[in-house]
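Notes for the structure review
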Amino acid sequence: MTFHGYVAVQARGVLSLPAEVRRRLHLDEPGAQVEITERDDGVLELRPSLPIPADQRWFWTKRWQQREREVDDYVAAQRVTVHEDGRALLEHLDQLDADET
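Conventions adopted
- Starting from 1, residues in each chain are numbered consecutively following that chain's sequence as written.
- In keeping with the predicted nature of the model, local features appear solely for residues at pLDDT of at least 70, side-chain atom pairs appear and are counted solely at 80 or more, and the whole-chain, interface and lining totals rest on all residues.
- Values reported for side chains reflect all heavy atoms of the structure, with hydrogen atoms and water molecules removed beforehand.
- Here a cavity denotes grid points, spaced 1 Å and computed from the protein atoms alone, that fit a 1.4 Å probe unable to get out, and a pocket denotes an open set having protein on both sides within 12 Å along at least 5 of 7 lines; residues with an atom within 4 Å of a point are the lining.
- Grid points are joined across faces, edges and corners, and a volume is the space filled by probe spheres set on the points.
- Each helix is a run of DSSP H or I of at least 4 residues and each strand a run of E of at least 2, with the numbering of both proceeding from the N terminus.
- Only protein chains enter the accessibility calculation, which uses a 1.4 Å probe; a residue is then buried when its area is under 20% of its type maximum, exposed when over 50%, and partly exposed in between.
- What makes two strands pair is DSSP finding at least two bridges between them.
- In the sections that follow, a salt bridge refers to a side-chain nitrogen of Lys or Arg positioned within 4 Å of a carboxyl oxygen of Asp or Glu.
- Any residue with relative accessible area above 30% and no salt bridge may belong to a patch, with like charges joined within 9 Å and the nonpolar Val, Leu, Ile, Met, Phe, Trp and Tyr side chains within 5 Å.
- Note on areas: Shrake-Rupley with a 1.4 Å probe; residue coverage comes only from the protein chains shown.
- Counted charges follow a simple rule, with Lys and Arg positive, Asp and Glu negative, and His plus the chain ends left uncounted.
- Taken as the charge location is NZ of Lys, CZ of Arg, CG of Asp or CD of Glu.

So, about the layout of surface pockets. For the largest pocket, the calculated volume is near 380 Å³. For the largest pocket, the lining is made up of 17 residues, of which Phe3, Leu17, Pro18, Val21 and Leu46 are closest to its centre. Here the lining of the largest pocket gets 3 residues from one element, more than from any other, and that element is strand 2 (residues 44–49).

Okay, here's the thing in structure tokens:
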């Protein structure tokens, strides 16, 4: 969905973007900004600029961050196994599988 319409420029140069556009582009979130570029042909281009890009938002969810902290705790407690290469990893997984049966 795209928007086409007009927004008023108030006395101090303030523009109000429609709520639907702000929500869709995540401009209603803290730290969001709008980049503006004036082209030689007089066109003004507006681009959303988010502190966290929309395609990376999943990483910053509470659940994901909680699991990142859990992994950090496992590593700090040295409860992880480091393998030299992929072959060693697969051998370890095979051994774990054999131990379960």
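This brings us to the pairing of strand 1 (residues 33–38). For strand 1, the tally of buried residues reaches only 0 of 6 residues, placing the bulk of the element at the surface. Examined bridge by bridge, strand 1 and strand 2 share 6 bridges and lie antiparallel to one another. Residue pairing for strand 2: valine 34 is matched across the bridge by proline 48. Once strand 1 ends, the chain turns through 5 residues before running back antiparallel as strand 2, passing glycine 42 with a positive phi of about 90°.

In total, this model carries 6 salt bridges according to the counting rule given. The salt bridge partner of aspartate 41 is arginine 39, with a shortest N-O separation of 2.6 Å. Note on aspartate 41: relative accessible area 52%, which makes it exposed. Of the charged contacts in the structure, one is a salt bridge between aspartate 85 and arginine 87, with a shortest N-O distance of 4.0 Å. The exposure class of arginine 87 is exposed, given its relative accessible area of 52%. By sharing partners, the salt bridges in this structure join Arg39, Asp41, Glu45 and Arg47 into a single network.

Once that is clear, we can look at a negative patch on the surface. There is a patch of like negative charges on the surface, built from Asp94, Asp97, Asp99 and Glu100. Tracing the sequence through the fold places aspartate 97 in helix 3 (residues 86–100). Of the residues examined, aspartate 97 reaches a relative accessible area of 47% and is grouped as partly exposed.

Further remarks concern a nonpolar patch on the surface. A contiguous nonpolar surface patch, about 600 Å² in accessible area, is contributed by Val7, Val9, Leu15, Val34, Ile36, Leu44 and Leu46. Judged by relative accessible area, isoleucine 36 falls into the exposed class, the value being 52%.

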